[in-house]
Amino acid sequence: MSLAAIKEKAATLKAGFVESGAEPVDCPVLLPADTLLDLYGEDIRTRAFLTHDPVRGEVILRPDFTVPVVQKHMAEGAEPARYTYAGEIFRRQEEHPERPSEYHQVGYEVFDRADPAGADAEVFARFSEALAPYGLRAVVGDIGILIAAVEGLETSEARKAALMRHIWRPRRFRALLDRYAGRAPVPSSRTALLASPDPLSLAEPMIGLRGTAEIAARVDALRADAQDPVLPGDQVDLLEALVKVSETCGNALEQLRDIAVDMPAIAGAVDRMAARCEALAARGIDVTSLMFDANFGRTSMEYYDGFVFGFSARGRPDWPLVASGGRYDALTRQLGQGREIPAVGGVIRPGLLVDLEEAA
């Protein structure tokens, strides 16, 4: 596989998106690190390449295009808008050292508040058409349904916020859920800490970055959490049933509507999924065979907060997704400096398409 072949494939894909009405955009390779650190926290350091510029301070090699495209649109874009781009991104691969840390992406993004379901269907249909020759397996999901379920839980706002932070970390989410439901014991170290009338008096000399006031505030928060009532078991059972939904879209919609009878907080999100299915069908997508997985996107798509989708290569479980995307309305609010607009988009890895062509 040559770099020239990858660039040629990327140019072809980008040209197709331009023909569909997207405006081509370029993004800098070096981005200010503070924006991404604010979005993802210190975890971003384990997944991206950061360095120091003597003038600009800490900078990061572009880990994706979505954040700079959103920033560009929120600063100067008109509505509605469609963008496409192509270029290299850089990701650390500590968990998958066999994968390249530098590779190409081609993307298509839609900013349109008039018809979110239609925009979701438009993006998925564009990708489905571009990828049709490769025989990929498509799957969709909707993180917005899980978000709505957490928002509707009968528990404190602090516990909801903690669960929200870990929606994209399923194991941590599960551990919190079990603890809040009383299904897992409280760690003995925490029990001892909260039993002490003055925990700081037992502390060793402080060597970390946190001060006394910050530590005391955290202890107070843990004490408040310990006073919260146990999360009702039936709500935990409904959440477990929700994340296990994995069916074709029509059957999944029926299951989710059944769950919504006892969990009305998700009803609106399920209605939005139904509208999306109708919009997909109107664009020629066979939703009777399209797979829906309620867990899809929870480990790799942190800024998506609604519809998500991915295309994988059959017979290559060792590969990352060939293409992926979804809706990221909340990201536009975070980066919009008081403005927001519903947005959805996705990316394709042209290098993997070249690999598939060479293997055919």
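Structure shown above.
These numbers were taken from a predicted model, which means no experiment stands behind them.

Across the sheet, 9 strands lie side by side as β1-β5-β6-β12-β11-β10-β7-β9-β8; this open sheet has mixed pairing. If you trace the sheet from one side to the other, it starts and ends with β1 (23–24) and β8 (246–248), each paired once. Direction of pairing for strand β7 (residues 137–142) relative to strand β9 (residues 291–293): parallel, over a ladder of 2 bridges. Across the sheet, the residue bridging to V139 is M291, located in β9. Strands β1, β5 (81–90), β6 (102–111) and β12 (343–348) of the sheet are contacted by helix α1 (residues 3–19), whose axis makes an angle of about 5 degrees with β6.

We now examine helix α11 (residues 249–262). Between its first and last C-alpha, α11 extends 21 Å over 14 residues, near the 20 Å set by a 1.5 Å rise per residue. Considered for burial, the residues of α11 that qualify are C249, A252, L253, L256, I259 and A260. Along the long axis of α11, the arc covered by the buried residues comes to 125 degrees, so they all point the same way. Turned more than 90 degrees away from the buried face of α11 sit E254, D258, V261 and D262, all of them exposed. Residues of α11 that are buried in the fold lie against β7, α5 (143–151), α10 (233–243), β8, α12 (267–282) and β9.

That bond from E79 to P80 is cis: its omega, -10 degrees, falls within 30 degrees of zero. Inspection of the secondary structure puts P80 in the loop between α3 (66–76) and β5.

Before going further, it helps to examine the pattern of salt bridges. What the rule picks out here adds up to 17 salt bridges. Between E79 and R339 there is a salt bridge; the shortest N-O distance is 3.9 Å. Placement of E79 in the loop between α3 and β5 and of R339 in the loop between α13 (329–335) and β12 is noted, with a sequence separation of 260 residues between them. A relative accessible area of 39% places E79 in the partly exposed class. Here D120 makes a salt bridge to R327, at a shortest N to O gap of 2.9 Å. Of the two residues, D120 sits in helix α4 (residues 116–131) while R327 sits in strand β11 (residues 323–327), which places them 207 residues apart along the sequence. Accessibility expressed as a relative area gives 3% for D120, which makes it buried.

Calculation notes
- Residues numbered from 1 in each chain as written.
- Predicted model: local features only at pLDDT ≥ 70, side-chain atom pairs only at ≥ 80, totals over all residues.
- Heavy atoms only, no water.
- Pairing = 2+ DSSP bridges.
- Helix = DSSP H or I, 4+ residues; strand = E, 2+ residues; numbered from the N terminus.
- Contact = heavy atoms within 4.5 Å.
- Axes fitted to C-alpha atoms, helices over the stretch in contact; angles between N-to-C directions.
- Expected span 1.5 Å × (residues − 1).
- Buried < 20%, exposed > 50% of the residue type's maximum accessible area, 1.4 Å probe, protein only.
- Arc of directions from axis to C-beta.
- Salt bridge = Lys/Arg side-chain N within 4 Å of Asp/Glu carboxyl O.

Spatial relationships are all this shows, so hold off on functional conclusions.
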